[in-house]
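# Tertiary structure, described
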Amino acid sequence: MSAHKQAGISLNKAFAIAAQTLRNSLKPEFKAAAERRGFVEAKVAVYENGKASEPRELKPIDK
């Protein structure tokens, strides 16, 4: 069984933890650029009867 399943987390969550750990270990001169690359903004729109609703921010799900 894979480590992320044994820990009870999804693969995406495991990748996010690994990425954050890596960014935290960087030297200060590289850390700012890595933090900017790590930010993701996502919006979602629901389609009903062929028309899109107003796009809204996609909120992360915390367990």
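Residues numbered from 1 in each chain as written. Predicted model: local features only at pLDDT ≥ 70, side-chain atom pairs only at ≥ 80, totals over all residues. Heavy atoms only, no water.

### Let's talk about the side chain of His 4
Among the structural elements, His 4 can be located in helix H1 (residues 3-7). Setting aside its immediate chain neighbours within four residues, His 4 contacts Ile 9, Ser 10, Leu 11 and Ala 14. (Helix = DSSP H or I, 4+ residues; strand = E, 2+ residues; numbered from the N terminus. Contact = heavy atoms within 4.5 Å.)

### What about the environment of Ile 17?
By the element assignment, Ile 17 lies in helix H2 (residues 11-25). What makes Ile 17 partly exposed here is its relative accessible area of 43%. Residues Ile 17 and Glu 35 lie 18 residues apart in sequence; the distance between their C-alpha atoms is 14 Å. (Buried < 20%, exposed > 50% of the residue type's maximum accessible area, 1.4 Å probe, protein only.)

### Notes on the environment of Leu 58
Mapped onto the elements of the fold, Leu 58 is located in the segment after strand S4 (56-57). As a C-alpha pair, Leu 58 and Arg 37 span 21 residues in sequence and 18 Å in three-dimensional space. Excluding its chain neighbours within four sequence positions, the residues that come into contact with Leu 58 are Ala 42, Lys 43 and Val 44.

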